[in-house]
Amino acid sequence: MALVTLEAVGKTFRGRTGSWEAVRDFTLDLAEGEFTCLLGTSGCGKTTVLNLLAGFEAPTTGRILLDGIPVRGPGAERGVVFQGHDSLYDWLSALDNIGFGLRLRGVPKRERRARAGHFLAMVGLEGQGAKHPAELSGGMKQRIQIARALAADPRILLMDEPFGALDAMTRATLQGELTRIWAETRKTVLFITHDIEEAVALSTRVAVMTRGPGGTLKAVIPVDLPFPRDRTSDGFMAVFRQVHALIHAEIVAPPARAEIDA
Ligand SMILES: Nc1ncnc2c1ncn2[C@@H]1O[C@H](COP(=O)(O)OP(=O)(O)OP(=O)(O)O)[C@@H](O)[C@H]1O
Ligand SMILES: [Mg+2]
């Protein structure tokens, strides 16, 4: 059985100006240990899918199962790394940010510190745990977010463009670190990006969405290449081209009618 199942999931937001169908008929299984990248153009519904899976939003149609049980809200077995890097608590040190979820669960201070320290080192920030978010660079804050999510030992890691706001070099470094961490932990990951190269570099498969409104799953491309990935290899280029063609078709397609209710 898949760890996570999204069954014909749809989400329509209703507001004062009408309603907006963000996601339509989205069906996808996530197997244990798999690293899936969810790729699509801006506004196609990627974050919406993640928010539904995280339990921050409820689907309008369809259902989401975790271990066969319907998701009814957020839970510690789903760790979230948000788009942007402003979700850390300013008043806590890096180490205490990492250990925050453990504190909520009543893990004693000594154990909390030890585990937070372990994950601080895992993201390459050993010795920098006393710094506060204001004293950290953007890339460091992203690492702390990843360490915080890992420290809670979730069944699945949900990552929403975690490297989107970083410069190319920091981004490449963190991509390499994430690959190493994934190889170590074999966590199930759903990683959102609109960067094709990033998707092919990190994942075991790339799920491509159509553009919105009513974004849905277009194709799932397996990435059966050894880690660490050589981005200049023929195999990498071949997958890149395949995914690029799928995405490009979404960019050049004629505008779809916005499904706004009167
Ligand atoms: N809370 C909300 N209320 C109304 N509409 C929303 C809400 N959240 C998202 N939407 C709409 O749903 C669509 C999908 O948004 P979403 O944030 O999922 O896109 P995305 O694929 O993550 O885009 P990006 O790559 O830019 O982050 C957009 O048209 C957006 O305006
Ligand atoms: Mg988004």
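Residues numbered from 1 in each chain as written. Chains lettered and ligands numbered in written order. Predicted model: local features only at pLDDT ≥ 70, side-chain atom pairs only at ≥ 80, totals over all residues. Heavy atoms only, no water.

Looking at an unreviewed UniProt entry, one finds the protein chain named ABC transporter ATP-binding protein, with Paeniroseomonas aquatica as its source organism. Under the UniProt heading Sequence similarities (unreviewed entry), the entry covering the protein chain gives this text: "Belongs to the ABC transporter superfamily." (UniProt positions renumbered as here; feature names shortened; annotations may be inferred.)

S.K.: Kindly report on the packing of helix 4 (residues 109–122) against helix 5 (residues 138–151), identifying the contributing residues and their values.
M.R.: One way to put it is that helix 4 packs onto helix 5 with a least axis distance of 9 Å and a crossing angle of 135 degrees. Considered as vectors, helix 4 and helix 5 are oriented oblique to each other. In this structure, the crossing between helix 4 and helix 5 has a hand that is right-handed. Residues Arg-115, Phe-119, Leu-120 and Met-122 of helix 4 touch helix 5, and the partners they reach there are Ile-144, Ala-147, Leu-150 and Ala-151. Here the residues of the contact of helix 4 with helix 5 are counted per class, giving seven nonpolar, no polar and one charged. (Axes fitted to C-alpha atoms, helices over the stretch in contact; angles between N-to-C directions. Helix = DSSP H or I, 4+ residues; strand = E, 2+ residues; numbered from the N terminus. Parallel < 35°, antiparallel > 145°, perpendicular 65-115°, else oblique. Left-handed = near helix turned anticlockwise from the far one by under 90°. Contact = heavy atoms within 4.5 Å. Nonpolar A, V, L, I, M, F, W, Y, C, P; charged D, E, K, R; others polar.)

S.K.: A description of the site of ligand 1 should follow, citing residues and the corresponding values.
M.R.: Not every one of the 14 residues close to ligand 1 is listed here, only the nearest: Ser-42, Gly-43, Lys-46, Thr-47 and Thr-48. Contact between ligand 1 and Trp-20: an oxygen atom at 2.9 Å from a side-chain N or O atom of the residue. In this structure, Lys-46 approaches ligand 1 through a side-chain N or O atom, which is 2.7 Å from an oxygen atom. Protein contact buries 63% of the 640 Å² of open area that ligand 1 shows by itself. A per-element tally of the shell around ligand 1 places helix 1 (residues 46–54) first, with three residues. The residue makeup of the shell around ligand 1, split by class, is four nonpolar, eight polar and two charged. (Near = heavy atom within 4 Å. Polar contact = N/O pair within 3.5 Å; in protein donor to acceptor, adjacent residues only side chain to side chain. Areas by Shrake-Rupley, 256 points an atom, 1.4 Å probe, with all protein chains shown as cover.)

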